[in-house]
Amino acid sequence: MKKLTIETHLEVFETFSELPLEVQNLMNKAQQARENAYAPYSHFKVGAALQLASGETVIGNNQENAAFPSGLCAERVAVFYAGASYPSAIIKMMAITARSLKQKVTTPIPPCGACRQSLVEYEVKQNAPIILYFMGESGKIVKANSIKDLLPLIFDSSYL
Ligand code: THU
């Protein structure tokens, strides 16, 4: 038996103004998208914005449903919309922000496991990493240089 250690490296920005300007702009778009989330059940609004290599921006927000599992997270709404609208797009960067109507969210909110799996599919497809920035409503911002940094041991098409 041999032990396997998996390490990940993330960067943490203490304040919004520390972010490069293009990231601030993308996060602003994610914040706008977040406010349009349809979250009448959780009251937890999430916004995502994707920067495509072409210069286009694609946004998404969570869309809930009375039949709970029929809803979808902001990140998947964004990435599927990008896939549907710009099938050969290269996604350079994604910004995510969350706000609760019940309490102040100052912890950076990472994408859920299912979203990580959905996102990594596009890294494999485009053969290039997607840089991810995520935050709450305010507070620190976390940067990952690849979705793979949040999802070790990915399941991808190479297994099929
Ligand atoms: N949610 C997202 O939009 N993204 C995530 O990665 C985590 C959770 C949404 C789903 C649901 O509408 C609400 O947040 C509470 O789970």
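Residues numbered from 1 in each chain as written. Predicted model: local features only at pLDDT ≥ 70, side-chain atom pairs only at ≥ 80, totals over all residues. Heavy atoms only, no water.

What counts is decided by this rule: UniProt positions are given in the numbering used here, feature names are shortened, and annotations may be inferred rather than shown by experiment.
The name an unreviewed UniProt entry gives the chain is Cytidine deaminase, with Cochleicola gelatinilyticus as the organism. The record held by UniProt for the chain lists under Function (unreviewed entry) the comment "This enzyme scavenges exogenous and endogenous cytidine and 2'-deoxycytidine for UMP synthesis." Check the Cofactor (unreviewed entry) section of the UniProt entry for the chain; it says "Zn(2+)".

**Side note on the overall build of the chain**
Definition in use: A run of DSSP states H or I qualifies as a helix once it reaches four residues; a run of E qualifies as a strand once it reaches two. Both are numbered from the N-terminal end. Radius of gyration means the value over C-alpha atoms here, while the globule rule gives 2.2 Å times the residue count to the 0.38 power. Relative accessibility thresholds used throughout: buried, under 20% of the residue-type maximum; exposed, over 50%; partly exposed, between the two (1.4 Å probe, protein chains only). For the area figures, the Shrake-Rupley method with a 1.4 Å probe applies, and any residue is considered shielded solely by the protein chains shown. None of His or the chain ends enter the tally, which takes Lys and Arg as positive and Asp and Glu as negative. Just so you know, the charge point we use is NZ for Lys, CZ for Arg, CG for Asp and CD for Glu.
Within the chain, the secondary structure is distributed over 3 helices and 6 strands. Starting at the N terminus and walking to the C terminus, you meet the elements of the chain as β-α-β-β-α-β-α-β-β. The globule rule puts the C-alpha radius of gyration for 160 residues at 15 Å, and the 16 Å found for the chain is close to it. Reported as C-alpha extents along the three principal axes, the dimensions of the chain are approximately 45 × 40 × 35 Å. Residues classed as buried in the chain amount to 42% of the 160 residues present. Summed over its atoms, the accessible surface of the chain is roughly 8800 Å², and 55% of this surface lies on carbon and sulfur atoms. Of the side-chain charges in the chain, 15 are positive and 14 negative, and the distance between the mean point of each set is 4 Å.

**Some words on the UniProt feature "active site" (unreviewed entry) in the chain**
The following threshold applies: Whether two residues touch is decided by their heavy atoms; if any such pair falls within 4.5 Å, the residues are in contact.
Per the UniProt entry, the sites bearing "active site" (unreviewed entry) are Glu75 in this numbering. For Glu75, the position within the fold is in helix α2 (residues 74–85). The class for Glu75 is buried, based on a relative accessible area of 5%. Apart from the residues lying within four places of it in its own chain, the contact partners of Glu75 are Val46, Ala48, Met94, Ile96, Pro111, Cys115 and Leu119.

**Examining the packing of α2 against helix α3 (residues 113–126)**
To be explicit about the condition: The axes are straight lines fitted to the C-alpha atoms, using for helices just the contacting stretch, and the angles between their N-to-C directions are given from 0 to 180°. Here is the rule for angles: anything less than 35 degrees is roughly parallel, anything more than 145 is roughly antiparallel, 65 through 115 is roughly perpendicular, and the remaining ranges are oblique. Crossing handedness: left-handed means the near helix sits turned counterclockwise from the far one by under a right angle, and right-handed means the same turn made clockwise. Gly falls in the polar group here, along with every residue not listed as nonpolar (Ala, Val, Leu, Ile, Met, Phe, Trp, Tyr, Cys, Pro) or charged (Asp, Glu, Lys, Arg).
It is at 9 Å that the axes of α2 and α3 come closest, and there the two elements cross at 25°. Taken together, the axes of α2 and α3 are roughly parallel relative to one another. Remark: the crossing between α2 and α3 carries left-handed chirality. Contact with α2, carried on its side by Glu75, Arg76, Val79, Phe80 and Gly83, involves Ala114, Cys115, Ser118, Leu119 and Tyr122 of α3 and no other residues of that element. Per-class residue counts for the contact of α2 with α3 are 6 nonpolar, 2 polar and 2 charged.

**Focus: the pairing of strand β5 (residues 131–135)**
Quick note on the threshold: A pair of strands is labelled paired if DSSP reports no fewer than 2 bridges between them. Whether a crossover is right-handed comes down to one check: with the strands pointing away from the viewer, does the path from the first strand over the helix to the second run clockwise; if it does, it is right-handed.
Counting buried residues along β5, 4 of its 5 residues qualify, which places the element largely inside the surrounding structure. Relative to β5, strand β4 (residues 91–100) runs parallel, the two being bridged by 5 bridges. Of the residues in β5, the one forming a bridge with Ile96 is Phe134. You can see the chain leave β4, run along α3 and come back into β5, and the turn it takes is right-handed. As paired strands, β5 and strand β6 (residues 141–144) are joined by 4 bridges and run antiparallel to one another. The residue bridging Leu132 from the neighbouring strand is Ala144, located in β6. Hairpin remark: β5 followed by β6, antiparallel, with 5 residues in the connecting loop; positive phi at Gly139, about 95°.

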